[in-house]
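The primary structure of each chain is shown beneath.
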Amino acid sequence: MLHRTAQGNAPSPALSQADLACWLNAGLESGPQSGLQPPEFRFCVDSGAPLRRPATAAPGAPWVPPFGASPLAPRAARVVGGLRQSNSSIVLSRRNERRPEAEPDASQPLPPPGDYEFFSVAAGTRTPALLALDPSKGTLYAWLPASQRWEPLEHDGGGLLAVSRLARAAWRCELSQAGSSSLLFLPTEEGLACIQPDAVGLSFQAQYHGQDAAVGAPVQFGEQVWAPLRSKAGMLRFVSASLQGRPGAVVELPDGPLETGALQAPLADGRLAIWPAAAGQLVLRKQASGAIQGSFLAWPQGLQPAFEFGSPFLSRDGSLWQLCFDTRADSYVYLQLGVEQPERETTTAPRLCTGSFNFRFASRFRSAPWLEPEHGDDSATNAVVLPLLESSPSAAVLGVKLATTEGLAHVLQSSERMRVELVLDDDTTQTAFYCLSVAEPWRLRFFVHEARLWAYHPLSNRLDGWNLQ
């Protein structure tokens, strides 16, 4: 019998023995009063009968929303974090058989009404637990794998999870793992939150750093996780936490109250972290001495950032480029980020981008988005792909494909229902594997759990999943 969870809590009475067996990879005794046996046992210690084991998928890489970033590491890789790039390999099974009109391989119900982000992480469990978080409501749910229902996680001290008022396009989080425990770093109105979920106890612990509202999402920069906060007096500062959730350094902005406009999701490499905003770029920069300095770079005169077209573009030399609209020239340009004297590249039309890939109509390119295709003319097509997620290991892009005679900017401003196809585009082919009709299809979220690719839209009535290789 299980007496305590990995976090020292009592197991929740809402869980069945089969739910516990799924999460703990434990054996179950046969019979109506089946009990748990340790994962190492193959036979019941009382009767000697073979133990039953629930069918669970092999543990995969954790999924950290919104785009499947890697968990935190003590020495962060010198790659850019914060783009729409997943560290999970996404290769559909039976790909040649996939058709847009086909049914998904699996479906399951949604949590109570909300706008969710999904985690597939160890939460005091041996196998990944599926968690659903609504940041705007501060609600956290766990999917019970055997009982097939959602249950809320409650604060172990009787409190509530602080909410976030960030726009969903600006929201992201970080996650660190140690054994069977996970620590979620979330932006909230009470500061940078460090949340440790305990699925078996249907509870969570919470610690907050900064105590002021987070106006931007957290990102790992160096050995810490950083987030910008704004005080009630309007002052901006950066707070940090270690990978274990302990409070770290604080960096104050040198100037007084600063009007940045809404911040977007942050980007970071080994040199600097950037929160693009309506009025400019909020920047943390590592000095040669190792000291961290904060600053704000206003956009050049006449340029307005066009965040609705997706992520900045990551060039082969490691530079980041933000699509902007030049009001003086009445045209789009790409602007280099994070430098005092940025370079510019003019473009004939904006492209949608996930980081390393960009799309011109329905065609995918690795080349810079300001370069015109060398061959062919696709300007007559009415098909457009809105890329949503890039899988770095499989060099593939997940997105939605639609037919339109309108310009991209008009499509991205529409609130009308659209018929779209879900597509997976890689170096070999573009595969349409499902279709649906929904308003604002760019709000679709993909995630991976138990060797399946899942799709979620806030206006959908279920989660749909497809088997992966």
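Note that the structure is predicted; figures quoted are calculated from it, not measured. (Residues numbered from 1 in each chain as written. Predicted model: local features only at pLDDT ≥ 70, side-chain atom pairs only at ≥ 80, totals over all residues. Heavy atoms only, no water.)

A closer look at the environment of Tyr332
As a reminder, the rule being used: Per the convention used, a helix needs a DSSP run of H or I reaching at least four residues, while a strand needs a run of E reaching at least two, with both numbered from the N terminus. In what follows, a contact means two residues having at least one pair of non-hydrogen atoms within 4.5 Å.
Residue position: Tyr332 is located in strand 26 (residues 331–336). C-alpha separation for the pair Tyr332 and Phe359, spaced 27 residues apart in sequence, amounts to 16 Å. Dropping the residues within four chain positions of it, Tyr332 is found in contact with Ala306, Phe309, Leu323, Cys324, Phe325, Thr346, Thr347, Pro350 and Ala409.

Re the sheet that holds strand 9 (residues 154–155)
Selection criterion: When DSSP locates at least two bridges between a pair of strands, those strands are taken to pair.
Strand order in the open sheet formed by five strands is 9-13-12-11-10, and the pairing between neighbours is mixed. A strand with exactly one partner marks an edge of an open sheet, and here the two such strands are strand 9 and strand 10 (174–178). Sheet analysis places strand 9 next to strand 13 (residues 203–210), joined by two bridges and oriented parallel. Considered in strand 13, the bridge of Glu154 is made with Ser203.

Topic: the pattern of salt bridges
Side-chain pairs of opposite charge can arise whenever the charged atoms involved come near each other. Convention followed: A side-chain nitrogen of Lys or Arg and a carboxyl oxygen of Asp or Glu constitute a salt bridge if their distance falls within 4 Å. When a residue's accessible area, from a 1.4 Å probe over protein chains only, is under 20% of the maximum for its type it is buried; when over 50% it is exposed; and in between it is partly exposed.
On inspection of all chains with the given rule, the structure shows 23 salt bridges. Asp115 serves as the salt-bridge partner of Arg443, at 3.3 Å between the closest nitrogen and oxygen. You can see Arg443 sitting in the loop between strand 34 (430–439) and strand 35 (445–449) and its partner Asp115 sitting in the loop between strand 4 (106–108) and strand 5 (117–121), a full 328 residues away along the chain. Classification of Arg443 as partly exposed rests on a relative accessible area of 30%.

Examining the domain arrangement of the protein chain
Using the following cut-off: Just so you know, the domain bounds were taken from an automatic or database domain assignment. Buried area is understood as the total, over both parts, of accessible area removed when two parts are fitted together, assessed with a 1.4 Å probe. For this analysis, a polar contact is any N or O atom pair within 3.5 Å, provided that within protein one partner can donate a hydrogen and the other can accept it, and provided that sequence-adjacent residues contribute only side-chain to side-chain pairs. As a working rule, the residues Ala, Val, Leu, Ile, Met, Phe, Trp, Tyr, Cys and Pro are called nonpolar, Asp, Glu, Lys and Arg charged, and the rest polar, with Gly in that last group.
Partitioning the protein chain into domains gives domain 1 (1–56) and domain 2 (57–467). The gap between the C-alpha centroids of domain 1 and domain 2 is 37 Å. Taken together, the contacts link 22 residues of domain 1 with 27 residues of domain 2. Note on domain 1 versus domain 2: buried area summed over both sides is about 1800 Å², and carbon and sulfur give 57% of it. Summed over the shared surface of domain 1 and domain 2, the number is zero salt bridges. In this assembly, domain 1 and domain 2 are joined by 11 residue pairs in polar contact (both at pLDDT 80 or more). Its residues assigned to classes, the side of domain 1 that touches domain 2 shows 13 nonpolar, seven polar and two charged.

A look at the pairing of strand 21 (residues 280–286)
The element strand 21 is largely enclosed, with a buried count of five among its seven residues. Of the pairings in the sheet, the one linking strand 20 (residues 272–276) to strand 21 comprises five bridges and is antiparallel in character. Note that in strand 21 the partner of Ala273 across the bridge is Leu284. Between strand 20 and the antiparallel strand that follows it, strand 21, lie three residues. Two strands pair when backbone bridges link them, and strand 21 and strand 22 (residues 292–298) are joined in this way by seven bridges, in the antiparallel orientation. Paired with Gly280 across the strands is Ala298, a residue of strand 22.

Some details on the nonpolar core
Rules: What is meant by a nonpolar core is a set of buried Ala, Val, Leu, Ile, Met, Phe, Trp, Tyr and Cys residues, joined one to another through side-chain atoms within 4.5 Å.
Phe118, Leu422, Phe433, Phe446 and Leu453 are the most contacted members of the largest nonpolar core, which has 52 residues in total. The residues contacting Phe118, other than those within four sequence positions of it, are Trp63, Pro65, Pro111, Leu130, Leu131, Ala132, Trp150, Phe447, Tyr456 and Leu463. The next biggest cluster of nonpolar side chains, apart from the first, holds 30 residues, and it includes Trp23, Val121, Ala123 and Leu144.

Side note on the environment of Ala206
Among the structural elements, Ala206 can be located in strand 13. Looking at Ala206, the relative accessible area reads 26%, which means it is partly exposed. A C-alpha to C-alpha distance of 12 Å links Ala206 and Val163, two positions 43 residues apart in sequence. Ignoring any residue separated from it by four or fewer positions in sequence, one finds Ala206 in contact with His155, Cys194 and Ile195.

Considering the packing of aromatic side chains
Spelled out, the test is: A pair of aromatic rings is counted whenever rings of Phe, Tyr or Trp (Trp by its six-membered ring) have centres within 6.5 Å, and the orientation is called stacked for planes under 30 degrees apart, edge-to-face for over 60 and tilted otherwise.
This model, assessed by the stated rule, comprises 15 aromatic pairs. Ring geometry for Tyr116 and Phe118: centres 6.3 Å apart, planes at 45 degrees, overall tilted. Summarising the burial analysis for this pair, Tyr116 and Phe118 share the class buried. Ring plane angle 15 degrees and centroid distance 6.4 Å describe the contact between Phe447 and Trp454, whose orientation is recorded as stacked. The exposure class of Phe447 is buried, given its relative accessible area of 1%. Residue classification places Trp454 among the buried residues on the basis of a relative accessible area of 4%.

As for the sheet that holds strand 35
Our working rule: As a rule, the C-alpha atoms of each element are fitted with a line to give its axis, helices using only the stretch in contact, and angles between N-to-C directions run from 0 to 180 degrees.
Ordered by their spatial adjacency, four strands build an open sheet running 4-37-36-35, and the pairing between neighbours is antiparallel. Among the strands making up the open sheet, the edge pair consists of strand 4 and strand 35. Neighbour-to-neighbour, the strand axes of this sheet turn through a mean angle of 25 degrees, independent of strand direction. When strand 36 (residues 452–456) meets strand 37 (residues 463–467), the two strands line up antiparallel, connected through four bridges. Note that in strand 37 the partner of Leu453 across the bridge is Trp466.

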